[in-house]
Amino acid sequence: MQNVNLIIDGSNLLHRVHWVTSQSSASTVHLFMNSLKKLHTEWSPTNVYIAWDSKLIRDETSFRKSNEDYKSNRDPEHAEKVYEHEQLIRNVCKTLGVCNIHPGVLEADDVMYYLTNKLTSDNVVISSDHDLLQTVSVNTCVHNPMSKVTYSLENFAS
């Protein structure tokens, strides 16, 4: 692939990194940046976009928020710990030329889906969220860094 856009689910990656660092003495920021470097080396992207859920406009109602049970099982205290390093990570990423995206009332996966339809070159979506498999198309594949599987039209049946 040439002229590749790397579209990363930042919140998904941050949650995975936080889980690993909670089991060791590793730094969340260091491990996140290490993961980003590994992805950059693997895909050699022209552009890198990271979509974040954390800056949602509060008290707005999207179609997801209309369901009271949506993400009701999430522990707010745990989420606070996960995101305590996000600002620093976003600042470092911005310094490196990464485009950080905050989707307003939508969620990161909605914006990632939008990007896969608007960006004209090839796209690689990075997430272990199976919802993003809906972005697989002629110019978009989805790489799950947990299972190390890349889904494309060649190996994915809709």
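Below, the structure is looked at part by part. (Residues numbered from 1 in each chain as written. Predicted model: local features only at pLDDT ≥ 70, side-chain atom pairs only at ≥ 80, totals over all residues. Heavy atoms only, no water.)

1. Quick word on the overall build of the chain
Looking only at helices and strands, the chain features five helices and six strands. Going from N to C terminus, the chain has its helices and strands arranged as β-α-α-β-α-α-β-α-β-β-β. Here the chain holds 158 residues, and 44% of them are scored as buried. As displayed, the chain offers around 9,400 Å² of accessible surface, 50% of which is attributable to carbon and sulfur atoms. (Helix = DSSP H or I, 4+ residues; strand = E, 2+ residues; numbered from the N terminus. Buried < 20%, exposed > 50% of the residue type's maximum accessible area, 1.4 Å probe, protein only. Areas by Shrake-Rupley, 256 points an atom, 1.4 Å probe, with all protein chains shown as cover.)

2. Some thoughts on the pairing of strand E1 (residues 4-9)
Counting buried residues along E1, six of its six residues qualify, which places the element largely inside the surrounding structure. Residues Val4, Leu6 and Ile8 line one face of E1 and the alternating positions Asn5, Ile7 and Asp9 line the opposite face, and both faces are buried. Inspection of the sheet shows E1 paired to strand E4 (residues 122-126) by five bridges, in the parallel sense. If you follow leucine 6 over to E4, its bridge partner there is valine 124. Strand direction decides the pairing type here: E1 and strand E2 (residues 47-51), joined by five bridges, are parallel. Residue pairing in the sheet places aspartate 9 in a bridge with alanine 51 of E2. (Pairing = 2+ DSSP bridges.)

3. A few points about the packing of helix H2 (residues 28-43) against helix H4 (residues 86-95)
Closest axis-to-axis distance for the H2/H4 pair is 10 Å, and the angle between their directions is 40 degrees. For the pair H2 and H4, the crossing hand works out as right-handed. Across from Thr28, Val29, Phe32, Met33 and Leu36 in H2, the residues of H4 making contact are Leu88, Ile89, Val92 and Cys93. Class assignment for the residues of the contact of H2 with H4 results in eight nonpolar, one polar and no charged. (Axes fitted to C-alpha atoms, helices over the stretch in contact; angles between N-to-C directions. Left-handed = near helix turned anticlockwise from the far one by under 90°. Contact = heavy atoms within 4.5 Å. Nonpolar A, V, L, I, M, F, W, Y, C, P; charged D, E, K, R; others polar.)

4. Structural notes on the nonpolar core
One finds Leu6, Ile8, Phe32, Leu36, Ile50, Ile89 and Cys93 to be the most contacted residues of the largest nonpolar core, which totals 22 residues. Examining the composition of this core, we find that six residues originate from one element, H2, more than from any other. Every residue in contact with leucine 36, bar those within four places of it in the chain, is listed here: Ile8, Val48, Ile50, Cys93 and Val98. (Core = buried A, V, L, I, M, F, W, Y, C linked by side-chain atoms within 4.5 Å.)

5. As for the pattern of salt bridges
Applying the stated criterion to the full structure yields one salt bridge. Among the ionic pairs, arginine 90 bridges to glutamate 86, the shortest N-O distance being 3.3 Å. Here arginine 90 pairs with glutamate 86, and both are found in helix H4, just four residues apart, close to one helical turn. Both residues of the pair, arginine 90 and glutamate 86, belong to the buried class. (Salt bridge = Lys/Arg side-chain N within 4 Å of Asp/Glu carboxyl O.)

6. Section: unusual backbone geometry
Phi at serine 44 is positive, roughly 45 degrees, even though this residue is not glycine. Here serine 44 is to be found in the loop between H2 and E2. Looking at serine 44, the relative accessible area reads 52%, which means it is exposed. Phi is positive for lysine 148, close to 60 degrees, though the residue is something other than glycine. Relative to the helices and strands, lysine 148 is located in the loop between strand E5 (140-144) and strand E6 (149-151).

7. Observations concerning the sheet that holds E5
Pairing is mixed in the open sheet, where six strands are placed in the order E3-E2-E1-E4-E5-E6. Looking at the sheet topology across the chains shown, the edges are occupied by strand E3 (99-101) and E6. The mean angle between the axes of side-by-side strands here comes to 20 degrees, regardless of whether they run parallel or antiparallel. Relative to the sheet, H2 contacts E1, E2, E4, E5 and E6, its axis offset from that of E1 by approximately 150 degrees.

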